[in-house]
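# Examining the three-dimensional arrangement
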Amino acid sequence: MDEAVIRQIRDKGFCFTLTQRYQNQLAKKLNELVPCSEMSIFLKTGSDATTASVRIARAYTNRIKVMRCGYHGWHDWCVEMKGGIPEKFYEDVYEFRYNNLQQLEELMVKYGDQTAAIIMTPFGHPNHQKMEEPQPGFLEGVRKIATRFGAVLIFDEVRTNFRLSMGGAQKLYGVTPDLSVLGKSMANGYAISAVSGKTEVMMAASQKLFISSTFFPNSDGFVAALKTIEILEREHVIDNIWEKGDRFLKKVRNIIGKYNVGAGTDRCCTHVLHNL
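Quantities reported herein were computed from a predicted structural model and do not represent experimental measurements.

Within the protein, the secondary structure is distributed over 10 helices and 7 strands. Against the globule reference of 19 Å for 276 residues, the protein gives a C-alpha radius of gyration of 19 Å, in line with a compact fold. With respect to the three principal axes, the spread of C-alpha positions in the protein is 60 × 55 × 35 Å. The buried share of the protein, taken over its 276 residues, is 51%. For the protein, the proportion of contacts with a sequence separation of at least 24, taken over those separated by at least 6, is 73%. Taking the 35 positively charged and 30 negatively charged side chains of the protein as two groups, their mean positions are separated by 3 Å.

Given below as structure tokens:
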């Protein structure tokens with residue numbers, strides 16, 4: 001993968017201001033793999049992408065409020081530590097607990113007609129807290145609530161895309177959001193992220209928004225992502241990791257069963273951790 005990026009830098013350059021064919025190729029590949037992906041916008045960081053996804057949802061719905069669940073970056077609307085940020089920048093953002101469908105329902109009954117987006121990590125990985133898999137019916141319930149109130153459902157898959165499956169957590173769990181935020185493992189550490197989703201919602205970015213940055217068009221991230229996905233598919237990397245992870249967990253569980261050390265295991269959590 002590094003060699004592919006080096007060739008691009010050496011032979012063609014990588015800092016460009018115009019759309020390149022690599023962007024179109026990556027958008028097409030995401031369309032093939034990610035269930036919700038019909039159109040894509042490419043950025044550099046997870047915070048860039050989650051913030052852009054919320055802006056798109058607000059433009060599409062003409063609403064302001066946002067329901068959130070999970071860590072979505074360091075920008076004003078979502079950062080955990082509020083120092084230096086005026087309250088008005090996050091006063092329309094409400095948090096609900098993962099696997100607590102009733103809490104989301106109560107928030108939406110109160111604010112649903114003003115809610116632009118429900119943004120959440122489809123696999124529960126809150127900061128400094130135990131990771132959780134979705135309880136039966138949780139993600140399906142969130143999808144129904146978003147549809148009922150006309151809110152855009154956004155899955156923050158920065159940590160789960162190309163890790164839990166080639167189509168992310170939405171593919172693994174069979175629940176399709178309106179928008180998905182991708183990053184990290186998509187390019188094996190190179191700086192690139194994406195907002196990818198349904199055409200009707202994504203077109204708001206074309207018609208109502210300005211989303212741009214000095215380095216968004218740089219080709220190194222696109223080339224890295226295309227090569228990373230090529231290797232993941234060719235070598236069946238994720239299937240191999242699941243298989244190795246299951247063998248590892250079997251051994252760990254045997255040890256835990258013998259000794260009362262207060263430990264526990266989770267198949268999906270271990271898989272995500274090993275791919276950070």
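Turning next to a nonpolar patch on the surface. Judged by side-chain polarity, Ile255, Tyr259 and Val261 come together as a nonpolar surface patch covering roughly 340 Å² of accessible area. Its location among the elements puts Ile255 in helix H9 (residues 237–258). Judged by relative accessible area, Ile255 falls into the exposed class, the value being 51%.

Spatially, 7 strands are ordered E1-E7-E6-E5-E4-E2-E3 in an open sheet, and the strand pairing comes out mixed. Two strands close off the open sheet at either side, each with one partner strand: strand E1 (39–43) and strand E3 (93–95). Looking at each pair of strands side by side, their axes are set apart by 20° on average, direction ignored. Where strand E2 (residues 65–69) meets strand E4 (residues 115–120), 5 bridges bridge the pair, whose relative direction is parallel. Note that in E4 the partner of Lys65 across the bridge is Thr115. Along the sheet face, helix H3 (residues 46–61) touches E1, E2, E3, E4, strand E5 (152–156), strand E6 (179–182) and strand E7 (193–197) and points at about 30° away from the line of E7. Across the sheet, helix H4 (residues 101–111) lies against E2, E3 and E4, angled at about 175° from E2, the strand it touches most.

Let's shift gears to the packing of H4 against helix H5 (residues 138–149). Between two packed helices, what matters for the description is the angle formed by their axes and the separation of those axes. Between H4 and H5, the least distance of the axes is 10 Å, while the angle of their chain directions is 5°. When the axes of H4 and H5 are compared, the pair comes out roughly parallel. Only Phe138, Gly141, Val142, Ile145, Arg148 and Phe149 of H5 make contact with H4, whose side of the interface consists of Leu101, Leu104, Glu105, Met108 and Val109. Split by residue class, the contact of H4 with H5 holds 8 nonpolar, 1 polar and 2 charged.

Right, let's get into the pattern of salt bridges. As enumerated under the stated definition, the model contains 14 salt bridges in all. Of the charged contacts, one joins Glu80 and Arg68 as a salt bridge, the two residues approaching to 3.0 Å between their closest N and O atoms. In this pair, Glu80 sits in the loop between E2 and E3 while Arg68 sits in strand E2, placing the two residues 12 residues apart along the sequence. Classification of Arg68 as buried rests on a relative accessible area of 4%. Across the pair Lys198 and Asp178 runs a salt bridge, and its minimum N-O distance is 3.3 Å. One end of the pair, Lys198, is in the loop between E7 and helix H7 (199–207); the other, Asp178, is in the loop between helix H6 (168–173) and E6, with 20 residues separating them in the sequence. Taking the relative accessible area as the measure of exposure, Lys198 reaches 28% and is therefore partly exposed. Classification of Asp178 by relative accessible area gives buried; the value is 9%. Several salt bridges share partner residues, and in doing so they unite Lys227, Glu230, Arg234 and Glu235 into one network.

Procedures and definitions
- Residues numbered from 1 in each chain as written.
- Predicted model: local features only at pLDDT ≥ 70, side-chain atom pairs only at ≥ 80, totals over all residues.
- Heavy atoms only, no water.
- Helix = DSSP H or I, 4+ residues; strand = E, 2+ residues; numbered from the N terminus.
- Rg over C-alpha atoms; globule rule 2.2 N^0.38 Å.
- Buried < 20%, exposed > 50% of the residue type's maximum accessible area, 1.4 Å probe, protein only.
- Contact = heavy atoms within 4.5 Å.
- Lys, Arg positive; Asp, Glu negative; His and termini not counted.
- Charge placed at Lys NZ, Arg CZ, Asp CG, Glu CD.
- Patch = residues over 30% accessible without salt bridge, like charges linked within 9 Å, V, L, I, M, F, W, Y side chains within 5 Å.
- Areas by Shrake-Rupley, 256 points an atom, 1.4 Å probe, with all protein chains shown as cover.
- Salt bridge = Lys/Arg side-chain N within 4 Å of Asp/Glu carboxyl O.
- Pairing = 2+ DSSP bridges.
- Axes fitted to C-alpha atoms, helices over the stretch in contact; angles between N-to-C directions.
- Parallel < 35°, antiparallel > 145°, perpendicular 65-115°, else oblique.
- Nonpolar A, V, L, I, M, F, W, Y, C, P; charged D, E, K, R; others polar.

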